[in-house]
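One-letter residues, chain by chain:
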Amino acid sequence: MQQSNTYVIVFSAILTIVLGVLLSGTSQVLGPLQKEAMALDKKKQILGAVMSAEEVGKMSPEQVNEFYGKRISATVVDLAGNPVAGVQAEMVEVAKDYKKPAGERHYPVFTFHAEGNPDQVESYIFPLYGAGLWDAIWGYLALNTDMNTIGGITLAHAAETPGLGARITETGVQARYVGKKIFDESGELITVAMQKGEGKDYANDAHKVDGMSGATITGVGVNNMLKAYMGHYEAFIKSKSSSQALAGL
């Protein structure tokens, strides 16, 4: 039996409203859970810069939140290294800020404290963000308290090629950065550069790490990301280094 045009229109309208309500309800229910999952993942990545992936992987969500709460404090600074009031570091979306001019961004700094002693700092952790071969890459870099030596790094990507550029997530690749320096002997910021090709030994070079075969463009993206973001944090890093040097006198 053929239905009238009015019936079809009314039925379609009702169906659209019902589906809209259902989708809205699902979003309301799942939204907070998604935010919790994203916040937990961010905490894991931050901790991954100062802990092994195996250690972080063994922790339950409750343990991650508890450990993070006890050992990590955070602040936000501007490009000049000055504290920014009223902004929570964990709420800064580095990916969105990346689209703004450098001088308009917020720069979170995460401080890793010694166990049982919140006054003793073990390292400072800085977010990174940039472009790989196909899409965004990002990570967190930890500096030791000398504000020069890399204590650890986590790297992630949105769509790099499996087995090639995607290898930046491997612990073996990330471990190459540990112990490297971001400043040279004259105090110039040169960071660390991943080299083209793979299989060479750069143990005696404080500013170079071995590359990834077939992933030159991703490696260049990582290099550019480190250079850019350590540059953005340079004022803070140097001010912190100077204040610590004065405190040691």
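Small disclaimer: the values here were computed from a predicted structure and weren't measured.

1. Some words on the overall build of the protein chain
Inference 1: Looking only at helices and strands, the protein chain has seven helices and seven strands in total.
Inference 2: Counting helices and strands in the order they occur from the N terminus, the protein chain gives α-α-α-β-α-β-β-β-β-α-β-β-α-α.
Inference 3: The buried share of the protein chain, taken over its 249 residues, is 37%.
Inference 4: Residue pairs in contact within the protein chain that sit at least 24 positions apart in sequence constitute 52% of those at least 6 positions apart.

2. A look at helix H6 (residues 216-232)
Inference 1: Across its 17 residues, H6 extends 24 Å between first and last C-alpha, which sits within 8% of the 24 Å expected from 1.5 Å per residue.
Inference 2: Residues of H6 that are buried: Thr-218, Gly-219, Gly-221, Val-222, Asn-223, Met-225, Leu-226, Tyr-229, Met-230 and His-232.

3. Remarks on the nonpolar core
Inference 1: With 35 residues, the main nonpolar core has Phe-126, Tyr-177, Leu-226, Met-230, Tyr-233 and Ile-237 as its most contacted residues.
Inference 2: Mapped onto this core, the elements with two or more residues apiece are strand E2 (107-114), strand E3 (117-131), strand E4 (136-144), strand E5 (150-157), H6 and helix H7 (234-247).
Inference 3: Looking at this core, the element that brings in the most residues is H6, giving five residues.
Inference 4: Discounting chain neighbours no more than four positions away, the residues touching Phe-126 are Val-109, Gly-139, Tyr-140, Leu-141, Leu-143, Met-147, Met-230, Tyr-233, Phe-236 and Ile-237.
Inference 5: Core analysis: the second largest hydrophobic core is formed by 19 residues, Met-51, Val-56, Met-59 and Ile-125 among them.

4. Brief notes about the pattern of salt bridges
Inference 1: Taken as a whole and assessed by the stated rule, the structure comprises nine salt bridges.
Inference 2: Through salt bridges with shared partners, a single network forms among Arg-167, Glu-170, Arg-176 and Glu-198.

5. Comments concerning the sheet that holds E5
Inference 1: Taken together, five strands build an open sheet; the order of strands is E1-E2-E3-E4-E5 and the sheet is antiparallel. Strand pairing shows two members of the sheet lacking a second neighbour, strand E1 (72-77) and E5, which therefore form its edges. Each adjacent strand pair in this sheet contributes to an overall mean axis angle of 25°, direction not counted.
Inference 2: The pairing of E4 with E5 spans seven bridges and is classified as antiparallel. Residue pairing in the sheet places Trp-138 in a bridge with Ala-156 of E5.
Inference 3: This element, H6, spans E2, E3, E4 and E5 of the sheet and lies at about 130° to E3.

6. Things to note about unusual backbone geometry
Inference 1: For Met-147, which is not glycine, the phi torsion reads 60° and is therefore positive.
Inference 2: Relative to the helices and strands, Met-147 resides in the loop between E4 and E5.
Inference 3: Given the relative accessible area of 1%, Met-147 is considered buried.

7. Notes on the environment of Arg-71
Inference 1: Relative to the assigned elements, Arg-71 resides in helix H3 (residues 61-71).
Inference 2: Overall, the relative accessible area of 9% leaves Arg-71 in the buried class.
Inference 3: Expressed as a C-alpha distance, the spacing of Arg-71 and Glu-115, which sit 44 residues apart in the sequence, is 6.7 Å.
Inference 4: Among all residues touching Arg-71, those that are not within four sequence positions of it are Thr-111, Phe-112, His-113, Ala-114, Glu-115 and Glu-122.

What counts and what doesn't
Residues numbered from 1 in each chain as written. Predicted model: local features only at pLDDT ≥ 70, side-chain atom pairs only at ≥ 80, totals over all residues. Heavy atoms only, no water. Helix = DSSP H or I, 4+ residues; strand = E, 2+ residues; numbered from the N terminus. Buried < 20%, exposed > 50% of the residue type's maximum accessible area, 1.4 Å probe, protein only. Contact = heavy atoms within 4.5 Å. Expected span 1.5 Å × (residues − 1). Core = buried A, V, L, I, M, F, W, Y, C linked by side-chain atoms within 4.5 Å. Salt bridge = Lys/Arg side-chain N within 4 Å of Asp/Glu carboxyl O. Pairing = 2+ DSSP bridges. Axes fitted to C-alpha atoms, helices over the stretch in contact; angles between N-to-C directions.

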